[in-house]
Amino acid sequence: MALSFVPGTDPALVRHMEKAGLTVEDFFSHSRQELSGRLGVNAAPFLDKMVRDEAVFKAKKESEFMERHGIVSFSLTDDDYPSRLSDIDRAPMTLYRLGSADLDSETMMSIVGTRHSTAYGVRYVKKLVEDLAPYFPDMVIVSGLALGIDSAAHEAALAASLPTVAVVAHGLNTIYPAVNRDLARRIIASGGAIISEYPSGVTPYRSRFLERNRIVATMTDAVLVAESADKGGAMSTAAVASSYGRELLALPGRIGDEMSAGCNRLIRSQKAMMAGSAAEIMSMLGWQPKTIQVAPRQRDLFPELQGKEKLIYDALRFAREPMPVDALRERTGLPIHDLMASLGEMEFEGMLERLPGNRFSLISY
């Protein structure tokens, strides 16, 4: 922890120390001349013994704060440091965790998006997490505790009894935004965690949110952008995720919708896969469920369908091949505007899929 308090230290230095056979203890006990010779540097802030001693003092004070509040830390040199983060060139030197969530869970997904979310984005996030939960009961949902999509992701995980991790841009002595303090408490109480690379007393600044985004982007295998304008924090998270080879998905929206512009651009430029139903995402990511104790969706849905949706379902259920809109209109007798509205809703719910040529078929599970 003291190493992270020393100006000028970063993952590259830690790796350089390892190659030079220097332990962390050596770093703080060696003289300036010794350290300079072993590392091959002549001018660096950390060569000053007073700087290093002050870092040790700060680390001791932080350790006392952590002990009082049940916070644990993971340092880059530790074996239990989150493995997905350890290999990135800007990995946090120290990561602080309040809560008990497994930061190395086998299945982890980051869900990010705009603070100005719409009902469309929130509903999709809730439905997706709800549908994934039975297949991956230990799945960890990661987001940034901001308003909008971030909050929706955490709430969806809580509702589905999944652990969720909030990555914040400040010390763990406070919660920002303040309106999400209750959400933070519920996250911790449910087996989740609040994590940060910043020690206590560090306040949130704009640049720190951008720094925080790289953690959200890289501590999981897949990042979903649920809603975003053409510019914003979610888009920076997407860029980082892409640069480090993480799987990137985006929820498409209507052309002209401001809060879908960023997602649509990611899909159009082929930087992100188009997010769809839980089954489609599982297939795209190659996720193999730990449990498949879930009845096929079609059997569950069929008795519950009524009215227009049941007419459409029946038409597609007995069709030998995907049906175009005109054939569906003729088979169901529905006005075109009612048919298209119902098709859109059923597609969103994951009951059917739209194929090239504006044809539709039921999704098989």
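Everything that follows concerns the structure shown earlier in this document.
Predicted model, so just to flag it, every value in this text is computed and none were measured.

A.B. asks: Sorry if this is basic, but what is going on with the layout of surface pockets here?
C.D. replies: Rolled over the atoms, a probe with the dimensions of a water molecule shows which regions are left empty. Size it by volume and the largest pocket reaches roughly 770 Å³. As for the largest pocket, its lining consists of 24 residues, and the residues nearest its centre are Y120, P252, G344, E347 and F348. If you list the elements that add at least two residues to the lining of the largest pocket, you get helix 6 (119-132), helix 12 (278-285), helix 16 (336-348) and strand 11 (352-355). The element that contributes the greatest number of residues to the lining of the largest pocket is helix 16, accounting for five residues. Of the residues in the lining of the largest pocket, the class split is eleven nonpolar, five polar and eight charged. If you add up the space inside the second largest pocket, you get close to 590 Å³. Lining the second largest pocket are 27 residues, with R115, R212, G232, G233 and A234 sitting closest to its centre. Secondary-structure elements contributing two or more residues to the lining of the second largest pocket are strand 3 (108-113), helix 9 (206-218) and helix 10 (233-243). Sorting elements by how many residues they give to the lining of the second largest pocket places helix 9 first, with six residues.

A.B. asks: How should I be thinking about the nonpolar core in this particular structure?
C.D. replies: Burial of nonpolar side chains together is a common tendency in soluble globular proteins. Of all hydrophobic cores here, the largest spans 65 residues; its most connected members are F27, F46, V165, I195 and M219. At five residues, helix 10 tops the list of elements feeding residues into this core.

A.B. asks: Looking at this structure, I do not really get the packing of aromatic side chains. What am I missing?
C.D. replies: What describes a pair of aromatic rings is the distance from one ring centre to the other and the angle between the planes of the rings. Within the structure shown, the criterion is met by four aromatic pairs. Aromatic pair F27 and F46: ring centres 5.6 Å apart, planes at 45°, arrangement tilted. Of this pair, F27 sits in helix 2 (residues 24-29) while F46 is found in the loop between helix 3 (32-39) and helix 4 (49-69), placing the two residues 19 residues apart along the sequence. For F27, a relative accessible area of 0% corresponds to the buried category. Ring centres of Y176 and F209 lie 5.8 Å apart, and the angle between their planes is 55°; this geometry places the pair in the tilted category. On the criterion of sequence distance, the pair formed by Y176 in the loop between strand 5 (164-167) and helix 8 (181-189) and F209 in helix 9 is long-range, its members being 33 residues apart. Judged by relative accessible area, which is 44%, Y176 ranks as partly exposed.

A.B. asks: Looking at this structure, how should I read helix 11 (residues 261-268)?
C.D. replies: Every buried residue of helix 11 is listed here: G262, C263, N264 and L266. Where helix 11 is buried, its residues touch strand 7 (222-227), helix 10 and strand 8 (247-250). Once helix 11 ends, the next one or two residues include Q270, with phi positive near 65°.

A.B. asks: Can you help me understand the sheet that holds strand 12 (residues 359-362) in this one?
C.D. replies: Sheet strands associate in pairs through backbone hydrogen bonding, adopting either a parallel or an antiparallel arrangement. The strand order 10-12-11 describes an open sheet built from three strands, whose pairing is antiparallel. Taken across any chain shown, the strands that pair with only one partner, and hence form the sheet edges, are strand 10 (323-324) and strand 11. Note: strand 10 against strand 12, two bridges, orientation antiparallel. Note on strand 12: the bridge partner recorded for P324 is R359. Where helix 16 meets the sheet, it contacts strand 11 and strand 12, and its direction lies at approximately 115° from that of strand 11.

A.B. asks: What exactly am I supposed to notice about empty space enclosed by the protein here?
C.D. replies: Enumeration over the complete set of coordinates arrives at one cavity of 30 Å³ or more. In this structure, the largest cavity encloses a volume near 60 Å³. Surrounding the largest cavity, Y124, K127, L128, D131, G276, S277, A278, F348, E349 and G350 form its lining. Broken down by element, the residue count for the lining of the largest cavity peaks at four residues, all from helix 6.

A.B. asks: What should I look at first to understand the pairing of strand 3 in this one?
C.D. replies: It is a general feature of regular strands that their side chains alternate between the two faces of the sheet. Extensive coverage of strand 3 is indicated by the burial of six of its six residues. Of the two faces of strand 3, the one carrying M108, S110 and V112 and the one carrying M109, I111 and G113 are both buried. Alignment of strand 3 against strand 4 (residues 140-143), held across three bridges, turns out to be parallel. Bridged to M108 within strand 4 is V140. On the question of chirality, the crossover connecting strand 3 to the parallel strand 4 by way of helix 6 is right-handed. Where strand 3 and strand 7 come together, five bridges link them in parallel fashion. Looking at the pairing, S110 lines up with V223 of strand 7.

Calculation notes
- Residues numbered from 1 in each chain as written.
- Predicted model: local features only at pLDDT ≥ 70, side-chain atom pairs only at ≥ 80, totals over all residues.
- Heavy atoms only, no water.
- 1 Å grid on protein atoms, 1.4 Å probe; cavity = no way out; pocket = protein on both sides within 12 Å on 5 of 7 lines; lining within 4 Å.
- Points joined across faces, edges and corners; volume = space filled by probe spheres on them.
- Helix = DSSP H or I, 4+ residues; strand = E, 2+ residues; numbered from the N terminus.
- Nonpolar A, V, L, I, M, F, W, Y, C, P; charged D, E, K, R; others polar.
- Core = buried A, V, L, I, M, F, W, Y, C linked by side-chain atoms within 4.5 Å.
- Buried < 20%, exposed > 50% of the residue type's maximum accessible area, 1.4 Å probe, protein only.
- Phe/Tyr/Trp six-rings, centres within 6.5 Å; stacked < 30°, edge-to-face > 60°.
- Contact = heavy atoms within 4.5 Å.
- Pairing = 2+ DSSP bridges.
- Axes fitted to C-alpha atoms, helices over the stretch in contact; angles between N-to-C directions.
- Right-handed = clockwise from strand over helix to strand, strands pointing away.

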